[in-house]
Every structure is written in C-alpha cells, then in structure tokens.
Amino acid sequence: MKLLFGNKKDDLLSRLKKQDPAAQKIFYDQNVKKYLSVSRSYINDLYQAEDCVIKAFCKIFKNIESFRGEGSFEGWGRRIVVNECLNFIKSNKTVFYLEDINPNYSDEIPEEYIDFNFNAQELLDQLPDAYRMVFNLYVLEDYSHQEIAEALQISTAVSKTQLFRAKEKMRKIYHQQQKKLQNENY
C-alpha cells in the first residue's frame, strides 16, 4: 500500500491516530518481528511472548493519542512491549528467587577453542526470570538500576545483585557449552 504524502512516518502516524486499519496493518507488519524479538528476550515461551506482543499492539493502537512525539514512535511502541512483558511476568510469578552462585572460572578455555558463534537467545532462555528481566532492562533497554527498581518494585541493590548474577550465570553456561564443544572436538 502506498502512502499519499511526503513524510511517510508522519503520514503513517496521522493515519494511525485516525484508527485507519490499513495503517495499523502497515505498522504491525513493519514492527512485529522486532517486537517479538524483544518479547522473546523476556519470555521463554514463544506463544506467551506472542500473546504479549499482540496485547502490546492493541495498547499501542488504543493509546496512540498519548504518544507525545518525544523520540521515535517505534521506540515508544517498544517500551509498551517491554512493559507488557514485565506485567505478564509479574502476574505469573510472585516470588523472585536469588540463587547462590559460586562461580569458579579458573578453568579458562584457550581462545582457539572458543566458538564465537552462539545463540544469545539460548543463553537468555536459561536464565531465571528475575535475572533475565534485570539483564534485559539494563543491557538492552538501557534502564538505570533506579528505573529497574521502580519498574520491578525491588531495591536498587537487588537490581545490581541480579544483574551481576545474570552475567555470572551466562558466563557459566557459556563456559560449559565451550567445554562441551572442546571435548567433542577431541
């Protein structure tokens, strides 16, 4: 479908504000894969992640008038996707567990054996929900620990601790995968 005016983004936004179904489809098609990727980084189950994305699109279209034009519209939508994922996780999980991790990484793997082709989503999927949420908010969404604490209703100390533990857990999982690959190559 061809847009009629010079500035395609402004035209699309104005059509979205008028609840134009064709414009909604264009926006959906342009962003669904990106938003699903964001959702998957928070939620392991693909179907639940898809549900969050669908709910987020509904909220985007319903609340489009609240977009003030500060920043990109796609980024505003991404924030809604993240919030929808956080709401889903909060409503389905009532307790955050802090694992005791005793990292022992003295078994360094020589660089020639390190496989830099790994699937980051697989690493994220193996993290406990609490670690994954804090890691994603801090690393991917560029939230401060104060913003994370407010969003998740935790203290900033817990946010910092869970970020540290998420990184350690990912490092441990990655090293285990590398050792397994190293053993398979011998």
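It should be noted that the structure appears before, not after, this text.
The present account deals with the structure reproduced in this document. Residue numbering note: each chain is counted from 1, following its sequence as written. Reporting of local features is limited, given that this is a predicted model, to residues whose pLDDT is at least 70; pairs of side-chain atoms are given and counted only at 80 or more, and all residues count toward the totals for whole chains, interfaces and linings. To get the side-chain values, take all heavy atoms of the structure and skip hydrogens and water.

## Some thoughts on helix α8 (residues 156-184)
What counts, and what does not: Numbered from the N terminus, helices here are DSSP runs of H or I no shorter than four residues, and strands are runs of E no shorter than two. Here a helix's expected span is defined as the number of its residues, less one, multiplied by 1.5 Å. Only protein chains enter the area calculation, which uses a 1.4 Å probe; residues under 20% of their type maximum are buried, those over 50% are exposed, and those in between are partly exposed. By definition, residues are in contact when any of their heavy atoms lie within 4.5 Å.
Its 29 residues give α8 an end-to-end C-alpha distance of 42 Å, which sits within 8% of 42 Å, the value for a rise of 1.5 Å per residue. What α8 keeps buried is the set S159, Q162, L163, A166, E168, K169, M170, I173, Y174, H175, Q178 and Q182. In the core, the buried residues of α8 are packed alongside α5 (120-125), α6 (129-140) and α7 (145-152).

## With respect to helix α4 (residues 73-92)
For α4, spanning 20 residues, the distance from its first C-alpha to its last is 29 Å, which sits close to the expected 28 Å at 1.5 Å a residue. Residues F73, W76, G77, I80, V81, V82, E84, C85, L86 and I89 constitute the buried set of α4.

## Re the packing of aromatic side chains
Inclusion rule: When the centres of two rings from Phe, Tyr and Trp lie within 6.5 Å, Trp using its six-membered ring, the rings pair. Their planes under 30 degrees apart give stacked, over 60 give edge-to-face, and anything left gives tilted.
Under the criterion given, the structure shown has 10 aromatic pairs. Judged by centre distance (5.1 Å) and plane angle (70°), the rings of F67 and F73 are edge-to-face. F73 carries the same exposure label as F67, and that label is buried. In textbook terms, an aromatic cluster arises when at least three aromatic residues are bridged by ring pairs, as seen for F27, Y28, Y35, F57, F61, F67, F73 and W76.

## Here's the deal with the pattern of salt bridges
For the record, the criterion: Between Lys or Arg on one side and Asp or Glu on the other, a salt bridge is scored when a side-chain nitrogen of the former is within 4 Å of a carboxyl oxygen of the latter.
Evaluation of the coordinates by the stated rule reveals eight salt bridges. Across the pair R15 and D20 runs a salt bridge whose closest N-O atoms are separated by 2.9 Å. Ionic pairing is found between D125 and R40, a salt bridge with its closest N-O pair at 3.1 Å. Here the residue D125 occupies a position in helix α5, and R40 occupies one in helix α2 (residues 21-42), the gap between them amounting to 85 residues. Overall, D125 belongs to the partly exposed group, its relative accessible area being 23%.

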